[in-house]
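# Examination of the molecular architecture
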Amino acid sequence: MLKEQLVVIGNGMAGARAVEEILAAGGAAQFEITMFGDEPYGNYNRILLSNVMNGSQDPTEIFLNSLPWYTENRIKLHAGTRVARIDRFAKVVYDQAGQGTPYDKLIIATGSSAMIPPIQGIYDDDGKLKRGVFGFRTLDDCNAIVEAARTAKVAAVIGGGLLGLEAARGLLTHGCEVHVVHLSERLMNQQLDGASGAMLLDAMKALGVQVHLSKHTTALRVEHGRVAGLDFKDGTSLPCDMVVVSAGIRPNVDLALAAGLTVERAIVTDNHMRSIDDHNIYVVGECAQHRGMVYGLVAPLWEQAKVLALHITRRDTSAQYLGSRLATKLKVMGVELASMGITEPVDEEDEVVTFAEPKRGTYKKLIVRKGRLAGAIMLGDLSKVGYLMQSFDRNTPLPDERLSLLFDIGAPAAKVTFDELSADAQICNCNGVSKAAIGDCVSAGKRTLKLVMGATRAGMGCGACKGMVSDLVDYFCGGQAEEDLTASYYVPCIPLSKRELIDVVRARGLRAVSAVFDALCDGVEDPMSKPALASLLAIVWKGEYEDERDARFINDRVHGNIQKDGTFSVIPEMPGGLTNAAELRRIADVVDKYHVPLVKLTGGQRIDLVGISKELLPDVWRDLAMPAGYAWGKSYRTCKSCIGVDYCRFGLGDSMGLAVEIERRFRGLDTPGKLKLATAGCPRNCSEALVKDVGVVAVEGGKWEIYIGGAAGSHIRKGDLLCTVDSWEAVLLLSGRFIQYYREHAKYKERTYVFVERLGIERLRALIVDDCDGLAAELDKAMQESTEATRDVWLERDAPKTPNQFRSILPVERSSVWGEP
Amino acid sequence: MGRAVTARVKLGLVADIPQGEGRSYHVDARNIAVFRTRDGRVFATQAKCPHRQGPLADGLLGSDSVVCPLHEKRFDLTSGCELGGGDCSLAVYKVHVDASELWVELP
């Protein structure tokens, strides 16, 4: 049988989901499928863009369907190709190059774009958004925002709905001042009422976001071609240097309009998700209008895709979409909330049940109409939300005792809740996974959270339901969910914990990374495991470690930090931030001689020469004549300090001298994560020693406090006081003992702030200070041997370790080229 | 015009590339990256990562794949396909070792 041609315009979540459903309904035998995607990527989870923006997820982690998925399913994908026109009468779609693709059935899943409100001056003369103004819809938008946020001081987000708040959260992580400008008098006015909106406002303020409510933006202010601020209708204004617009969505309907389909707010469909004008054209997602509703959430989209698939494949021609009742459960700015139906009672017959505990950020409100749930808002505590959402969705009668709707009274909560949850209740709203699907998956032998998530995708959308999925897995396993073994492996390709791997490596004398792969992985080399193994072997073997450079990240092959243009940064050693005229003069000469494009003081009190090509590194190091600063690796980085006792009126201890001693002892040491240290001459902590991996603070009486596990990067944590000692020697000994214990026990890339929290300061103090397990002597010896084995790697300038170590592009002899017909 | 011509180019000695690493070459107005695995095989791809133009030759090399040093995008060296969920892909070229010499075929 000749297959029908199915063309899908749009490769976003709706288009790809519709195709997945069609394949699941056996559509592969029926259709040759061609998909057009506007963006040059595969299909990604738009809900997670804010995670990409705040850096908690890499863009690669949010892709839903990878390239092989399209090939495996014989789908012809035109990524980055925009469809320009639909010829309904010839049944052909044309792309911008004029190339035609015929269809028997067509699916329009063009989604939506950011709605840009009428703001004077927001567009360039050529109709594009002004430089410094961004929508927030696509991966490209997201990347552009991140790029701009790096240099922006003040960012304004127009729109205080869900997406706007997510954008604000993302911007915060880039260190700019963030303002949210919202038209309504409360945040997320679609989902929240006054009280819950106010609680969310408090949470936002606590996070450092400034919120401007009831503000109508009228004009964009531009000075010298750059964004300078926003003007509001009430005459006030807000200076800012970048603007993110997240004021709602506008369905992409131009193609449908031009093709003569009925378009109101979006493309009007019937109950089978077909255009009401053309039964060969289906519409799904944010560009579809069904019974007057246009949905911007994923759950309705999944339901539409399912109906569409059953109908288009003729598996069930009676399948109908009857609209969705809107219920959302999400996490915004770290606050968990759920909202369904109406947010305020409509008449006095509507019964309102509320509970509020603002101090703890808990708020629950139900609106009951004729004994059934008409709306609900829950903030902070979502323990009953599964039951409520189900009851809202089905419109089933509620129990008379309203209290039990808000709280679990007595009885073990989870069990009761899960028992009363029906089998088809949706647990993961992002990926449409039901309670039964998770149960089936567990019955099929997948008895860990990770396996269930991998197989069903539950919890892999926004992540808000992950806790519930985990509890459900445990529930279906009868409380016997299995530990995920791979989580304890040091590297994914070898089924051993770090401790076990160290024992094997020692026992079998494996001194090189390739030897480990040969012995334990049949010689198959996993690139991502190489640096982790190199770190472990360096820690175990010290001077006897066989340093195969290919196992090292590029930074550790050429001893500099790679930049986005492939050049490197050079940071010479400068312990405690101490320098002198001769060093500064040499640095200045290097900057001139090699035309160094950027010279920057670092957060670690050093001088960074940025933008140096690989070929120039050896010459630059030679001219600097300073030791390497190790500012590139998973290693001891630096120790900064305040000015200490000689000049400071408040100084209690010689912090500068101690910083120099610390740096001399630990420089060049491989560690699981980077180590940043500081010393402070008094408890005022000018050098920020309390937020360092190891911080040493002088206190009255000639004593020093040692703090461990502090951080002030993407995560902020005050270090825990390990102990107070009375000499530099004791500082070096005990901090060294802690560092060695961390080297031997932390996972690769596990920073001390995670490690210290994981083990607990009491346990660490018992081990390091009280020597409860009798490890001290061994740790001290290992640290001594390790420090003796370090050397200045910049000396490789005169003795390269590998052929062409500092060359990027190798020359080719021209005479050796031959052509063949 | 229009006729496909394959050029065979001698890049140099295979020993110019350290074992388990890659290096770039400039050939016929384009840059290619050549990788030499520890088990003695060689692969050639376009030099820059399609994601953000990272230098692939500086990446971490596995038995069949390379990881870009900038954002850890991972590519299969035989097909050029991106691994791990993304869908960028690399141009790949035929490359082989002939008497310690490294030869690449360019379309």
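Given the structure is predicted, the values throughout are model-derived calculations rather than measurements. (Residues numbered from 1 in each chain as written. Chains lettered and ligands numbered in written order. Predicted model: local features only at pLDDT ≥ 70, side-chain atom pairs only at ≥ 80, totals over all residues. Heavy atoms only, no water.)

### Let's talk about the sheet that holds strand β25 (residues 351-357) of chain A
Residues and elements named next belong to chain A. We apply this condition: If DSSP finds at least two bridges between two strands, the strands pair. A run of H or I in DSSP becomes a helix once it reaches four residues, and a run of E becomes a strand once it reaches two; helices and strands are each numbered from the N terminus. Lines fitted to C-alpha atoms define the axes here, with helix axes fitted over just the stretch in contact, and angles between the N-to-C directions of these axes take values from 0 to 180 degrees. We call two residues in contact when some of their heavy atoms are within 4.5 Å.
With respect to topology, five strands assemble into an open sheet ordered β23-β24-β27-β26-β25, the strand pairing being antiparallel. Across the chains shown, the open sheet's two edge strands, defined by having one partner strand only, are β23 (327-332) and β25. Direction aside, neighbouring strands of the sheet carry axes that sit 10° apart on average. Taken together, the seven bridges between strand β26 (residues 362-369) and strand β27 (residues 372-379) define a ladder with antiparallel strand orientation. Across the sheet, residue arginine 369 finds its bridge partner in β27, namely arginine 372. Of the strands in this sheet, β23, β24 (335-341), β25, β26 and β27 touch helix α6 (residues 194-206), which is tilted by about 160° from β26.

### Observations regarding empty space enclosed by the protein
Put simply, the rule is: In the cavity and pocket records, a cavity denotes points on a 1 Å grid over the protein atoms alone where a 1.4 Å probe fits but cannot get out, a pocket denotes an open set with protein on both sides within 12 Å along at least 5 of 7 lines, and lining residues are residues with an atom within 4 Å of a point. Grid points are joined across faces, edges and corners, and a volume is the space filled by probe spheres set on the points. Each residue gets one label: Ala, Val, Leu, Ile, Met, Phe, Trp, Tyr, Cys and Pro are nonpolar, Asp, Glu, Lys and Arg are charged, and the others, such as Gly, are polar.
Within the structure shown, the criterion is met by two cavities of 30 Å³ or more. Space inside the largest cavity adds up to approximately 60 Å³. Taken together, Arg549(A), Ile554(A), Arg557(A), Val558(A), Lys614(A), Thr802(A), Gln805(A), Glu21(B), Arg23(B) and Asp58(B) make up the full set of residues lining the largest cavity. Contributions of two or more residues to the lining of the largest cavity are made by α18 (554-558) of chain A together with β2 (21-27) of chain B. Here the residues of the lining of the largest cavity sort into two nonpolar, two polar and six charged. Residue contributions to the lining of the second largest cavity peak at three residues, all from helix α1 (residues 13-24) of chain A. Among the residues making up the lining of the second largest cavity, the classes are represented as three nonpolar, two polar and three charged.

### A few points about the packing of aromatic side chains
Note the cut-off: Only Phe, Tyr and Trp rings are paired, with Trp represented by its six-membered ring, and only when their centres lie within 6.5 Å; those with planes under 30 degrees apart are stacked, over 60 edge-to-face, the remainder tilted. Whether a residue is buried, partly exposed or exposed follows from its accessible area with a 1.4 Å probe, protein chains only, as a fraction of its type maximum: under 20%, in between, or over 50%, in that order. By definition here, charges over rings are those cases where NZ of Lys or CZ of Arg is within 6 Å of the ring centre and within 35 degrees of the ring normal.
On inspection of all chains with the given rule, the structure shows ten aromatic pairs over all chains. Geometrically, the ring pair formed by Tyr295(A) and Tyr321(A) is edge-to-face, given 6.3 Å between the ring centres and 85° between the ring planes. Residue Tyr295(A) is found in the loop between β22 (288-290) and α8 (298-312), and its partner Tyr321(A) is found in the loop between α8 and β23; the two are separated by 26 residues along the sequence. Of the two residues examined, Tyr295(A) and Tyr321(A), each falls in the buried class. Seen in terms of ring centroids, Tyr741(A) and Phe755(A) are 6.3 Å apart; in terms of plane orientation they differ by 50°. Their pairing is tilted. Of this pair, Tyr741(A) sits in helix α22 (residues 728-745) while Phe755(A) is found in helix α23 (residues 752-759), placing the two residues 14 residues apart along the sequence. By relative accessible area, Tyr741(A) is classed as buried at 7%. In this structure an aromatic cluster arises from ring pairing among Phe738(A), Tyr741(A), Tyr742(A) and Phe755(A). Arg8(B) extends its terminal NZ or CZ atom over the ring of Trp103(B), reaching a point 4.6 Å from the ring centre.

### Focus: the side chain of Arg737(A)
Mapped onto the secondary structure, Arg737(A) falls in helix α22. When neighbours within four sequence positions are excluded, Arg737(A) is seen to be in contact with Ile768(A), Ala776(A), Leu779(A) and Asp780(A).

### Quick word on the nonpolar core
All names here are of chain A. Formally: By nonpolar core we mean a set of buried residues, namely Ala, Val, Leu, Ile, Met, Phe, Trp, Tyr and Cys, connected to one another through side-chain atoms within 4.5 Å.
By size, the foremost hydrophobic cluster in this structure holds 50 residues, and its most contacted members are Ile33, Ile86, Val93, Leu106, Ile107 and Ile108. It is α8 that provides the largest number of residues to this core, a total of eight residues. Apart from the residues lying within four places of it in its own chain, the contact partners of isoleucine 86 are Ile9, Val92, Val93, Tyr103, Leu106, Ile108, Leu255 and Ala259. One finds Val157, Cys176, Leu337 and Ile377 within the second-largest nonpolar core, a separate group that totals 45 residues.

### Details of the confidence of the model for chain B
For clarity, the cut-off: The pLDDT score gives, residue by residue, the confidence of the prediction method on a 0 to 100 scale.
Here chain B averages 90 in pLDDT, and 93% of its residues register 70 or above. ipTM for the predicted complex: 0.95, alongside a pTM of 0.55.

### Comments concerning the side chain of Glu525(A)
Structurally, the position occupied by Glu525(A) is in the loop between α16 (513-520) and α17 (530-541). Ignoring anything within four residues of it in the chain, the contact list for Glu525(A) reads Ser514(A), Phe517(A), Lys530(A), Asp550(A), Arg38(B), Leu61(B), Gly62(B) and Ser63(B).

### Brief notes about the packing of α22(A) against helix α24 (residues 761-768) of chain A
Residue and element names in this part refer to chain A. We count it as follows: Take the far helix as your reference; a near helix turned counterclockwise from it by less than a right angle gives a left-handed crossing, and one turned clockwise gives a right-handed crossing.
Here α22 crosses α24 at 115°, and the two axes come no closer than 10 Å. Considering only the axes of α22 and α24, their crossing is right-handed. Only Leu764, Leu767 and Ile768 of α24 make contact with α22, whose side of the interface consists of Leu734, Arg737, Phe738 and Tyr741. Along the lines of polarity and charge, the residues of the contact of α22 with α24 split into six nonpolar, no polar and one charged.

### Concerning the pattern of salt bridges
Definition in use: The salt bridge definition used is simple: a Lys or Arg side-chain nitrogen within 4 Å of an Asp or Glu carboxyl oxygen.
Evaluated as defined, the whole model comprises 50 salt bridges over all chains. Two residues, Asp350(A) and Arg369(A), come together in a salt bridge whose shortest N-O distance is 2.8 Å. In this pair, Asp350(A) sits in the loop between β24 and β25 while Arg369(A) sits in strand β26, placing the two residues 19 residues apart along the sequence. Residue Asp350(A) is classed as buried on the basis of its relative accessible area, which comes to 6%. Given the relative accessible area of 35%, Arg369(A) is considered partly exposed. In this structure, Arg38(B) engages Glu548(A) in a salt bridge whose closest nitrogen and oxygen atoms are separated by 3.7 Å. Remark: Glu548(A) occurs in the loop between α17 and α18 and Arg38(B) occurs in the loop between β3 (30-36) and β4 (42-46); the pair is interchain, linking two chains. The structure contains a network of salt bridges with shared partners spanning Asp547(A), Arg549(A), Arg552(A), Asp670(A), Arg791(A) and Glu796(A).

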